Amino acid sequence: MIDETKIMQYADGTLPIEEHEEVKRAIEADPKLKELYSSFQETGDLLFKLGNEIKSKPLPQNLQDKANIIKSWEKPLVKETGSFNFFGLFKIQYAGVAAAFAMFFVGGFYTNTFVASLDGDNKKTVMMATQKIDTPKELKLRGMPNTDEDLSTRVTNLYRYFDEEQFLNDINSRIDNMNLNDEFESSLEDNDGKKVRFILVENFNANGNDCKKVKFNEPLKLSSNDQGTDVSLDICKINNNYEISSINLSK
Amino acid sequence: MTEKLDENFIKSLVVIALGIMRGKGDPYDLVNGAMEYLISNKEKYMDHPNIKAIAVLKMKGLFIDGIRKNQKMTSMTDDEGNDLQIVDEKQADISDKISLSDECNKVLSVIKTMGEKCQEVLMLASEGMSMQEMQEVTQVKSLGTVLSRLSNCRKELKGLLA
């Protein structure tokens, strides 16, 4: 008998990937578990919406004043120049950094953090940036750490170097013609100029939408001590276009 | 965990405060109290690896202090750890201060009718905390307990919303 908490974690996208198959099979074989799975999906979405809606409201002035005070506490996340080899992931061209400490993005907020840019000699410099970042309100980041490692660092760094718009442009034009385990090359490039490749690993339905899970074809190094993180993206078709519904990280 | 300290950090505390207050007070006041504490203890906490947990625990302490001062209750649980009902209906509610969609208002209203532990864990989930973070701020010994509590509370929530 599958533990109900496993069903919840599967619905939330936080179940370790090695347990997916067993839980998925159990859900498919048992209508009660399927109902429970749908129920967890529903409450997960409701709680997510509730949190996001509350967070979208402006703070009272006294709290805004305190926010301005604590902002000054921030210290540089990293300040390196020269041979800054940032994870060998994407070509640095996107500053989509979110408030990853919550693992959920809130649409349209200001960030005050570092972005990296690609120098002509293929070395990176890191610079301070303060700019408004628009991230999808419905985008969920769901992590599945097995240890007490700093998931938020990995999440932050993933989104710092992931051009979601470019990815969606690439995938919308071809995903419907792909079969399971098909691999496709995106226009995203890693630091060595190599095209980033993705694999279609699952077709599923969520809240009546056609969804697909695609994963990076190899583990990503998302923090300085990361030995390799498997990253998959759930994308769902909404108004004839696929949108990212969750990002799953596991080791 | 390294927090990004800005207005989004404070907004996440507002969500969590809702779970702590259980609709019996103004969560903004609780957040304000926790922020004043953090700011006045800047040297102690600015480098803390999980400043959010510090803020949450402070909010819980402030809430309990407030209850005791108002002589409404000396504890939130009885000797066996069961939830006690806290009666203080006169205080302002966040729904008086911010307008939520009908759907979110309904969910929040239902959550506020649930037990103390469910309210807390559901709002922590709503804020987006991971299980590990929830375990830290709820000070529950095992991760399995947090998981089963959240699972049971979500099933209860689903039933109440039906």
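All figures in this text were calculated on a predicted structure; none of them were measured in a lab.

Asker: Can you tell me about the overall build of chain A, naming the residues and giving the values?
Answerer: Along chain A, the regular secondary structure elements total 6 helices and 8 strands. Tracing chain A from N to C terminus, the helices and strands come up as α-α-α-α-β-β-β-α-α-β-β-β-β-β. In chain A, buried positions account for 37% of the 251 residues. When contacts within chain A are restricted to residue pairs at least 6 apart in sequence, long-range pairs at least 24 apart make up 58% of them.

Asker: How would you explain the overall build of chain B if you had to name every residue and give the values?
Answerer: When helices and strands are counted, chain B shows 8 helices and 0 strands. Counting from the amino terminus, chain B carries its helices and strands in the arrangement α-α-α-α-α-α-α-α. Out of the 162 residues in chain B, the part that is buried amounts to 44%. In chain B, once contacts between residues fewer than 6 apart in sequence are set aside, the share between residues at least 24 apart is 57%.

Asker: Explain the pairing of strand β6 (residues 209-216) of chain A to me, using residue names and the numbers behind them.
Answerer: Residues and elements named next belong to chain A. Here strand β5 (residues 195-206) runs beside β6; their pairing, made up of 8 bridges, is antiparallel. Within β6, the position partnered with Phe 198 by the bridge is Phe 216. Where β5 folds back on β6, the antiparallel hairpin that results is connected by 2 residues, among which Asn 207 adopts a positive phi of roughly 50°. Taken together, the 5 bridges between β6 and strand β7 (residues 230-238) define a ladder with antiparallel strand orientation. Counterpart to Val 214 in the pairing with β7 is Leu 233.

Asker: I'd like a rundown of the nonpolar core, residues and numbers included.
Answerer: Ranked by internal contacts, the top residues of the largest apolar core, which has 57 residues, are Leu 13, Ala 17, Val 31 and Met 59 of chain B. In terms of residues, this core owes the most to one element, helix α1 (residues 7-21) of chain B, which gives 10 residues. Once residues within four sequence positions are removed from consideration, Met 59 of chain B is found in contact with Leu 13, Ala 17, Ile 20, Leu 30, Val 31 and Ala 34 of chain B. Counting residues in each nonpolar core, the second largest holds 19 residues, with Phe 167, Phe 216, Val 231 and Ile 244 of chain A among its members.

Asker: Outline the environment of Asp 234 of chain A, supporting the account with residue identities and numerical values.
Answerer: Residues and elements named next belong to chain A. Examined against the element boundaries, Asp 234 turns out to sit in strand β7. We classify Asp 234 as buried; it has 21 C-beta atoms within 10 Å. Distance in space between the C-alpha atoms of Asp 234 and Gly 13 is 9.2 Å, their sequence separation being 221 residues. Sequence-distant contacts of Asp 234, that is, excluding residues within four places in its chain, are made with Gly 13, Cys 211, Lys 213, Ser 245, Ser 246 and Asn 248.

Asker: A description of unusual backbone geometry should follow, citing residues and the corresponding values.
Answerer: Its identity is not glycine, yet Asn 181 of chain A carries a phi of approximately 70°, on the positive side. Among the structural elements, Asn 181 of chain A can be located in the loop between α6 (164-172) and β4 (183-189). Given 9 C-beta atoms within 10 Å, Asn 181 of chain A falls into the exposed group. The backbone of Gln 139 of chain B sits at a positive phi, close to 60°, despite the residue not being glycine. Here Gln 139 of chain B is to be found in the loop between α7 (131-138) and α8 (143-161). Overall, Gln 139 of chain B belongs to the exposed group, with 10 C-beta atoms counted inside 10 Å.

Asker: So what about the packing of helix α3 (residues 31-55) of chain A against helix α5 (residues 102-112) of chain B? Which residues, and what values?
Answerer: Contact geometry of α3 of chain A with α5 of chain B gives a least axis separation of 10 Å together with a crossing angle of 105°. Overall, the two elements α3 of chain A and α5 of chain B adopt an arrangement that is roughly perpendicular. Of α5 of chain B, the residues touching α3 of chain A (which contributes Leu 46, Lys 49, Leu 50 and Glu 53 of chain A) are Glu 103, Cys 104, Val 107 and Leu 108 of chain B. The class makeup of the residues in the contact of α3 of chain A with α5 of chain B is 5 nonpolar, no polar and 3 charged.

What counts, and where the lines are drawn
- Residues numbered from 1 in each chain as written.
- Chains lettered and ligands numbered in written order.
- Predicted model: local features only at pLDDT ≥ 70, side-chain atom pairs only at ≥ 80, totals over all residues.
- Helix = DSSP H or I, 4+ residues; strand = E, 2+ residues; numbered from the N terminus.
- Buried ≥ 20, exposed ≤ 12 C-beta atoms within 10 Å, placed from the backbone.
- Contact = placed C-beta atoms within 7 Å.
- Pairing = 2+ DSSP bridges.
- Core = buried A, V, L, I, M, F, W, Y, C linked by C-beta atoms within 7 Å.
- Axes fitted to C-alpha atoms, helices over the stretch in contact; angles between N-to-C directions.
- Parallel < 35°, antiparallel > 145°, perpendicular 65-115°, else oblique.
- Nonpolar A, V, L, I, M, F, W, Y, C, P; charged D, E, K, R; others polar.

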